[in-house]
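Structure assessment
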Amino acid sequence: MAVYTDVSDEALEAFLSDYAIGNLVAFRGIAEGVENSNFQLRTTQGDFILTLYEKRVNAQELPWFLGLMQHLAGQGVSCPQPVASTAGQTLGTLAGRPAAITTFLPGVWPRKIRQEHCRPLGQALAQLHEAGRSYTPVRPNALGPDAWQPLLDSCRAGADAVHPGLLAELDAAFTHILPHWPGQGANPTLPHGQIHADLFPDNVFFLRKTVSGLIDFYFACTDFLAYDIAICLNAWCFEGDGSFNVTFGRQLVQGYESVRPLSAAERQALPVLARGAAMRFLLTRLYDWINTPADALVTPKDPLDYLKRLRFHLATETVDGYGF
Ligand SMILES: Nc1ncnc2c1ncn2[C@@H]1O[C@H](COP(=O)(O)OP(=O)(O)OP(=O)(O)O)[C@@H](O)[C@H]1O
Ligand SMILES: N[C@@H](CCO)C(=O)O
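If you check an unreviewed UniProt entry, the protein chain appears there as Homoserine kinase from Acetobacter malorum DSM 14337. Per UniProt, the protein chain carries the Sequence similarities (unreviewed entry) text "Belongs to the pseudomonas-type ThrB family." One UniProt comment on the protein chain, placed under Catalytic activity (unreviewed entry), says "L-homoserine + ATP = O-phospho-L-homoserine + ADP + H(+)".

Have a look at this one:
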């Protein structure tokens, strides 16, 4: 569940009095999600989402995220659009938390991923990248390669209890990722821009076979565009048993390239980017697995799903091994 903060009727009423979005008709907490508290608001003007940002989101970065969503929506991307108060502010305070109201997007996220989801996903990802080009503020990726070793260090004491030998395996995997990571800094070696960085199935809404909305931009950052593809390959293109679904991967990349063709350098970098993406989600899941109290409201996600993916990517040396 993800309603960490209770909102009283009086506090909500006072908060909404700063917005011109009609009169409140219904208000309910949304159980899904793990990071923030989300509520669905129905007013006489329609449906909205109210998000209270919890401790993992750095409040100082919220203007960057809200600005990105505003920008993307303005460029035609179907993403939550921050709603400004009558004073022109998109960020307020409710129940002691930073809070924002955004537009409500139609559709549902796919509980079972099918081939027909992957091509529209790739297209939507490339459209997001194109639309993000004109959003110039930079947010470095706080969960990029520099963060991985410290994350693993913070898990040293508990890692082998999660899976025997895990610590040594991840230490060894670093040597196949970090020295081969494409150059960053002032002159990045691959096309760079605004990426979603967490485009998992639960963040992509579909209506029939069409993408109707992309949500949850709170890991978005400025990084290699192809890294977002690598994240999606991990999140969408593996079976429950950990095997790679070549057809899903091919549909994803073909959909992406129908909007934004990849350069030869981006294609060649996909295997190392895919290893890095698997490592990133393995490590944050491992951290949560070890540090989430047994009586917590949320169930941590299994880090070992990403160990299987990482092993696949380590064994796949060139992009040809993915069958794109
Ligand atoms: N703009 C929106 N339109 C419709 N539904 C939304 C919208 N934003 C969020 N939701 C609903 O709220 C749920 C949780 O949202 P979200 O995934 O952003 O939560 P979170 O806790 O911030 O993120 P995480 O996925 O990282 O746990 C979604 O699955 C969806 O049902
Ligand atoms: N998408 C992340 C969690 C929340 O961002 C994961 O599956 O590990």
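From this point, the discussion proceeds with the structure in view.
**Points about the environment of Asn203**
Mapped onto the fold, Asn203 is located in the loop between β6 (192-195) and β7 (204-207). On the accessibility criterion, Asn203 (4% relative accessible area) is buried. The contacts of Asn203, once residues within four sequence positions are left out, are His196, Asp198, Gly213, Leu214, Ile215 and Asp216. At 2.8 Å, the side chain of Asn203 forms a polar contact with the backbone oxygen of Asp198.

**Overview of a nonpolar patch on the surface**
A surface patch of nonpolar side chains, about 260 Å² in accessible area, is lined by Tyr4, Val34 and Leu297. Looking at where Val34 falls in the secondary structure, it is placed in the loop between β1 (24-29) and β2 (37-43). Exposure remark for Val34: the relative accessible area of 38% places this residue in the partly exposed category.

**What to know about the side chain of Glu266**
With respect to the helices and strands, the residue Glu266 is situated in helix α9 (residues 264-291). If we ignore the near neighbours within four places in the chain, the residues touching Glu266 are Leu190, Pro191, Leu225, Ala226, Arg260 and Pro261.

**Observations regarding the domain arrangement of the protein chain**
By convention, interface size is frequently given as the accessible area that disappears when the constituent parts associate. As far as domains go, the protein chain holds domain 1 (9-103) and domain 2 (115-322). Placing the centre of domain 1 and that of domain 2 at their C-alpha centroids yields a distance of 27 Å. Counting from both sides, the interface comprises 21 residues of domain 1 and, opposite them, 22 residues of domain 2. Both faces combined, the contact of domain 1 with domain 2 buries some 1,800 Å², and carbon together with sulfur accounts for 67% of it. For the pair domain 1 and domain 2, the number of links is 1 salt bridge. As a salt-bridge pair, Arg139 and Glu61 come within 2.9 Å of each other at their nearest N and O atoms.

**What to know about the site of ligand 1**
Around ligand 1 sit 16 residues, and of these Val34, Glu35, Thr103, Leu105 and Asp216 come closest. For ligand 1, a nitrogen atom lies 3.0 Å from a polar atom in the backbone of Thr103. Protein chains bury 91% of the 620 Å² of accessible surface belonging to ligand 1 in isolation. The residues that make up the shell around ligand 1 include at least three from each of domain 1 (9-103) and domain 2 (115-322).

**So, the site of ligand 2**
The local shell around ligand 2 consists of Asp198, Phe200, Phe219, Phe281, Arg285 and Lys301. Asp198 has a polar side-chain atom sitting 2.6 Å from an oxygen atom of ligand 2. In the environment of ligand 2, an oxygen atom lies 2.7 Å from a nitrogen or oxygen atom belonging to the side chain of Arg285. Here ligand 2 loses 88% of its free accessible area of 260 Å² to cover by the protein chains. Partitioned by chemical class, the residues of the shell around ligand 2 number 3 nonpolar, no polar and 3 charged.

**Quick word on the sheet that holds β2**
Here 5 strands make up an open sheet; going across it, the order is β1-β2-β3-β5-β4 and the pairing antiparallel. The open sheet has two free edges, formed respectively by β1 and β4 (92-94), since each of these has just one partner strand. Adjacent strand axes in the sheet meet at a mean angle of 35 degrees, parallel and antiparallel pairs treated alike. Of the strands in this sheet, β1, β2, β3 (46-52), β4 and β5 (97-103) touch helix α1 (residues 9-16), which is tilted by about 165 degrees from β4.

**Here we look at helix α3 (residues 115-132)**
Here α3 contains 18 residues, and its C-alpha end-to-end distance of 27 Å stays within 8% of the 26 Å for a straight helix at 1.5 Å per residue. Taken as a whole, α3 has its buried residues at His117, Cys118, Pro120, Leu121, Gly122, Ala124, Leu125, Ala126, Leu128, His129, Ala131 and Gly132. Buried residues along α3 sit in contact with α2 (62-74), β6, β7, β8 (210-214), α7 (225-236) and α8 (246-257).

Reading guide: rules and limits
Residues numbered from 1 in each chain as written. Chains lettered and ligands numbered in written order. Predicted model: local features only at pLDDT ≥ 70, side-chain atom pairs only at ≥ 80, totals over all residues. Heavy atoms only, no water. UniProt positions renumbered as here; feature names shortened; annotations may be inferred. Helix = DSSP H or I, 4+ residues; strand = E, 2+ residues; numbered from the N terminus. Buried < 20%, exposed > 50% of the residue type's maximum accessible area, 1.4 Å probe, protein only. Contact = heavy atoms within 4.5 Å. Polar contact = N/O pair within 3.5 Å; in protein donor to acceptor, adjacent residues only side chain to side chain. Patch = residues over 30% accessible without salt bridge, like charges linked within 9 Å, V, L, I, M, F, W, Y side chains within 5 Å. Areas by Shrake-Rupley, 256 points an atom, 1.4 Å probe, with all protein chains shown as cover. Salt bridge = Lys/Arg side-chain N within 4 Å of Asp/Glu carboxyl O. Domains from an automatic or database assignment. Buried area = accessible area lost by both parts, 1.4 Å probe. Near = heavy atom within 4 Å. Nonpolar A, V, L, I, M, F, W, Y, C, P; charged D, E, K, R; others polar. Pairing = 2+ DSSP bridges. Axes fitted to C-alpha atoms, helices over the stretch in contact; angles between N-to-C directions. Expected span 1.5 Å × (residues − 1).

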